[in-house]
Each structure stands twice: as structure tokens, then as C-alpha cells.
Amino acid sequence: MSQQSEDREFEQFTKRLLDDSAEILDGGVQSRLTQARFRALEQTSKPSWWREWIPQPMPGLALAAGLVLALVFTLNGPTQTQSGNNLEDLDLLAAADQLELYEDMEFYAWLAEENSAEPYETG
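Conventions adopted
- Residues numbered from 1 in each chain as written.
- Predicted model: local features only at pLDDT ≥ 70, side-chain atom pairs only at ≥ 80, totals over all residues.
- Heavy atoms only, no water.
- Helix = DSSP H or I, 4+ residues; strand = E, 2+ residues; numbered from the N terminus.
- Areas by Shrake-Rupley, 256 points an atom, 1.4 Å probe, with all protein chains shown as cover.
- Salt bridge = Lys/Arg side-chain N within 4 Å of Asp/Glu carboxyl O.
- Buried < 20%, exposed > 50% of the residue type's maximum accessible area, 1.4 Å probe, protein only.
- pLDDT = per-residue confidence, 0-100.
- Phe/Tyr/Trp six-rings, centres within 6.5 Å; stacked < 30°, edge-to-face > 60°.
- Patch = residues over 30% accessible without salt bridge, like charges linked within 9 Å, V, L, I, M, F, W, Y side chains within 5 Å.
- Lys, Arg positive; Asp, Glu negative; His and termini not counted.
- Charge placed at Lys NZ, Arg CZ, Asp CG, Glu CD.

**Points about the overall build of the chain**
Okay, so step 1: Each helix and strand in the chain was counted, giving seven helices and zero strands.
Okay, so step 2: N-terminal to C-terminal, the α/β element order of the chain is α-α-α-α-α-α-α.
Okay, so step 3: Summing over all exposed atoms, the chain offers an accessible surface of approximately 12000 Å²; the carbon and sulfur share of this is 60%.

**Here's the deal with the pattern of salt bridges**
Okay, so step 1: This structure, assessed with the given rule, holds one salt bridge.
Okay, so step 2: The partner of D19 in a salt bridge is K15, and the shortest N-O contact between them spans 3.0 Å. Of this pair, D19 and K15 both sit in helix α1 (residues 3-24), four residues apart, which is roughly one turn of that helix.
Okay, so step 3: You can call K15 exposed: its relative accessible area is 52%.

**Here we look at the confidence of the model for the chain**
Okay, so step 1: Of all residues in the chain, 63% attain a pLDDT of 70 or more, and the chain-wide mean is 76.
Okay, so step 2: Across the chain, element-level confidence peaks in α1 with a mean pLDDT of 88 and bottoms out in helix α3 (residues 49-53) with 61.

**Side note on the packing of aromatic side chains**
Okay, so step 1: Across all of its chains, the model carries two aromatic pairs by this definition.
Okay, so step 2: Seen in terms of ring centroids, F107 and Y108 are 5.6 Å apart; in terms of plane orientation they differ by 65°. Their pairing is edge-to-face.
Okay, so step 3: Of the residues examined, F107 reaches a relative accessible area of 44% and is grouped as partly exposed.
Okay, so step 4: Cluster of aromatic residues (ring-pair linked, three or more members): F107, Y108 and W110.

**A short note on a negative patch on the surface**
Okay, so step 1: Together, E6, D7, E9 and E11 make up a negatively charged patch on the protein surface.
Okay, so step 2: Exposure remark for E9: the relative accessible area of 47% places this residue in the partly exposed category.

**What about a nonpolar patch on the surface?**
Okay, so step 1: A surface patch of nonpolar side chains, amounting to about 490 Å² of accessible area, comprises M105, F107, Y108, W110 and L111.
Okay, so step 2: By the element assignment, Y108 lies in helix α7 (residues 105-117).

Next up, the structure:
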């Protein structure tokens, strides 16, 4: 027997068992069960408060983002720059001939160490 036929047979057996047990119940219990079923179906058909609110968060989010940005820009204020150091760096970058010097900075440091280690000859 295949798995599907076993499942189908189990479902039919369970349905017959539940139908038979429902027929044995007295009228008061059946009435309360029916009322509970209708209340449950009624609640699922009504949209809840959060479902009504979900499609409308965009204006609220846009307002909140605007307020956050306004506070950030207001509280931060203008930034202060170090004009003296920046101008020196700008001069160094603008001089193309000196860039080669800075590219070989390790070589010049090594050369300075070698020259300082050797005693000067007097001649």
C-alpha cells in the first residue's frame, strides 16, 4: 500500500470518528460549539487595527527621518577645519616635482642612516 493511500485511509477513519463523536453530543454543547465557530470566522474576516495601519507608515517614516536629519544638522553645527595644516598639505600635493621625493621616502631614510653611520673624511 502506498503512503498516499494510507494517509487517505487515516483521514477517512479520523473524519468518521469525529463525525460520530459530534452526533453523540447534546444540543447545548453543539450550540456552544457552533457559536464559537461563527465567532472565530467573524474575527478572521474583520481586519485588525494593525492591518489597517500597515499601508500607511510611509508618511510617518518620512516625517521621522526629516526630524532626525534636522536634529543632526542643527546639533552638529559647522565643523572647524585646521587651515594651517591643510594649506601645507595642499602645497605639497600641488608640487609635482616633490612627489617623487615622498614616494622614495624609505630610500632617503636608509641613505641618511648609512651616511650618519660612516665617519666623515676630511681632506
